[in-house]
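Spelled out from the first residue to the last, the chains are:
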Amino acid sequence: MMELKLIAGLVLAVVCAARALEEDGSDRPLVPGAPVRISETDPELLKAVRFAEERYNVASNGLHIRRVSRIISASKQLVKGIRYSITVEIGRTQCKKTDVLHVSEDCEFFPESHKQKTEVCLFEVWDIPWQNKSTLLKQKCQPAGLCSFRTTESLELLTKFKDFMTTYNRSYISQEEAQKRLRIFQQNLKTAETLQSLDQGTAEYGVTKFSDLTEDEFRMMYLNPMLSQWSLQKKLKPAAPASKAAAESWDWREHGAVSPVKNQGMCGSCWAFSVTGNIEGQWFKKTGQLLSLSEQELVDCDKLDQACGGGLPSNAYEAIENLGGLETETDYTYTGHKQSCGFTSGKVAAYINSSVELSKDENDIAAWLVENGPVSAALNAFAMQFYRKGVSHPLKIFCNPWMIDHAVLLVGFGERNGIPFWAIKNSWGEDYGEQGYYYLYKGSRLCGINKMCSSAVVN
């Protein structure tokens, strides 16, 4: 209930239009479940809108029929029936009540906006289908444009923020914090819109589970500042080139070398996930056995890196060699924070003998990947904060190849509708991107994806 109170506070503080609509003097049935956003074209919703429209006109003293011109947002809850919460624009038509019995689409709106007298209304309809019974629980309306800013846009913002909080189970400690997060959310929507308008691929950007974080917060919690510090990089021996050119497409997920997507949490341990993903693939190539290996072992026991503060794949390979190998995820479970090293040599499930650095040519990287397995890589992750799906191709200004800050795993490549891509396994959970994967345009060294490709070697 705290989230609902905070949202109500946001409505009061941020949107004057919504403030008027939120004033509630009606009795409501108890709501056991959270509201679910529904499409404005849902047939049952449209029936509820028509019902609310009829009730509105019955209660109105106006001479003309008024009807809904646009559904702004809608949600429903199961409450011994279905409770609809519907925000609409409603305007005056040229039909007189004395001439027609019911609201009809044949009733055209006045062409002059001042004669339409458009209002923004919040209707709450309780529908019990098995009793063929509907009740208008609430009706709150106010003139559109009453606020100094656009009411509709503000209501849409609040609706998106409510949906975000519900989808990602967000709660905030105070109304002030919720207001702060709403402002950040609004700014992030604008950033996502900019990325969308300028993207040269097929990516969709928008609301993600990171949409209430500033760029600095996102970088601090999920990214890896050590990757861009070139003076810290250790030179690895070069990998032997592949024996032949790469095929047009390849995906190690289809060949059993990739474990399920994992979640690093609010810890800058992407370097550990990138390296263990690579070693899982290398071990599979040598033994035919796919193991899920422990990132927490590296977070706790790698003395060359900074645990949740970031790390380098080159250091991680060295640490694993020094330790004698990696335990499984089951034996050394991930916690998402540094703790004392609990490594047990008797539980080593996979080892490595050395590590190599790949060519910086993307065609060479692709060829090596096909012959040898998934590749540890790193990139500039700015656009990834708002990525939802598709092939991402941000402008270079958003994706400076020298500002690398996130380690990932290249598992394959191919084309979608003629657009070449890298298939990238991320470590932000399956609720990120396309089931946990990010697809990046291949062929122009985008976001520095070619600069830090490496692999362990298992003899």
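Keep in mind it's a predicted model, so treat the numbers as computed, not measured.

Rules behind the numbers
Residues numbered from 1 in each chain as written. Predicted model: local features only at pLDDT ≥ 70, side-chain atom pairs only at ≥ 80, totals over all residues. Heavy atoms only, no water. Helix = DSSP H or I, 4+ residues; strand = E, 2+ residues; numbered from the N terminus. Buried < 20%, exposed > 50% of the residue type's maximum accessible area, 1.4 Å probe, protein only. Areas by Shrake-Rupley, 256 points an atom, 1.4 Å probe, with all protein chains shown as cover. Lys, Arg positive; Asp, Glu negative; His and termini not counted. Charge placed at Lys NZ, Arg CZ, Asp CG, Glu CD. UniProt positions renumbered as here; feature names shortened; annotations may be inferred. Pairing = 2+ DSSP bridges. Phe/Tyr/Trp six-rings, centres within 6.5 Å; stacked < 30°, edge-to-face > 60°. Lys NZ or Arg CZ within 6 Å of the ring centre and 35° of its normal. Core = buried A, V, L, I, M, F, W, Y, C linked by side-chain atoms within 4.5 Å. Contact = heavy atoms within 4.5 Å. Disulfide = S-S within 2.5 Å.

## Considerations on the overall build of the chain
Looking only at helices and strands, one finds 11 helices and 16 strands in the chain. Referenced to the eigenvectors of the C-alpha coordinate spread, the extents of the chain come out at roughly 90 × 45 × 45 Å. In the chain, which comprises 459 residues, the proportion classed as buried is 52%. For the chain, the exposed surface amounts to about 21500 Å²; the carbon and sulfur share of it is 51%. The averaged location of the 55 negative side-chain charges in the chain is 4 Å from the averaged location of its 51 positive side-chain charges.

## Let's talk about the UniProt feature "domain: Cathepsin propeptide inhibitor" (unreviewed entry) in the chain
The sites that UniProt annotates as "domain: Cathepsin propeptide inhibitor" (unreviewed entry) are residues 161-218. The annotated region residues 161-218 carries 60% helix and 3% strand content, and the separation between its end C-alpha atoms amounts to 18 Å.

## Considerations on the pairing of strand β5 (residues 133-143)
Walk down a regular strand and you will see the side chains alternate between the two sheet faces. The pairing of strand β4 (residues 119-128) with β5 spans 10 bridges and is classified as antiparallel. Counted as the bridge partner of Val 125 is Leu 136 from β5. Two successive antiparallel strands, β4 and β5, enclose a turn made up of 4 residues, where Asn 132 displays a positive phi of approximately 50°.

## Some remarks on the packing of aromatic side chains
A full pass over the atoms with the stated rule returns 22 aromatic pairs. Residues Trp 283 and Tyr 351 carry aromatic rings whose centres are separated by 5.1 Å and whose planes lie at 80° to one another, so their mutual orientation is edge-to-face. Taken as a pair, Trp 283 in helix α8 (residues 270-287) and Tyr 351 in the loop between α10 (313-323) and β9 (354-357) lie far apart in primary sequence, 68 residues in all. The class of Tyr 351 is partly exposed, set by a relative accessible area of 36%. Clustering of aromatic rings is evident, with ring pairs tying together Phe 210, Phe 218, Tyr 222, Tyr 387, Trp 428, Tyr 432 and Tyr 438. Here the guanidinium or amino end of Arg 253 rests over the ring plane of Tyr 437, the centre of that ring lying 4.2 Å away. Sitting over the face of the ring of Tyr 439, Arg 416 holds its NZ or CZ atom 4.3 Å from the ring centroid.

## Points about the nonpolar core
Burial of nonpolar side chains together is a common tendency in soluble globular proteins. In terms of nonpolar packing, the biggest core is built from 54 residues, with Leu 410, Trp 422, Tyr 438 and Ile 449 touching the most fellow members. Contributions of two or more residues to this core are made by α6 (175-198), α7 (215-222), α11 (362-372), β10 (375-379), β13 (406-416), β14 (419-425) and β15 (437-441). In this view, Leu 410 contacts Ile 365, Leu 369, Pro 374, Val 375, Ala 377, Trp 422, Ala 423, Ile 424, Ile 449 and Cys 453; residues no more than four positions away in its chain are not counted.

## What to know about the state of the cysteines
By definition, a disulfide links two cysteine residues through a covalent bond between their sulfur atoms. Summed over the entire model, instances satisfying the criterion amount to 5 disulfides. Each sulfur of the disulfide joining Cys 121 and Cys 141 lies 2.0 Å from the other. Its S-S torsion of about 115° marks the bond between Cys 121 and Cys 141 as right-handed, since a negative value means left-handed. Separated by 20 residues along the polypeptide, Cys 121 in strand β4 and Cys 141 in strand β5 bring together distant segments of the chain. Relative accessible area serves as the criterion here: at 0%, Cys 121 is assigned to the buried category. In this model, Cys 301 is linked to Cys 341 through a disulfide, with the two sulfur atoms separated by 1.9 Å. Of note, the bridge from Cys 301 to Cys 341 carries an S-S torsion of about 100° and is right-handed in sense.

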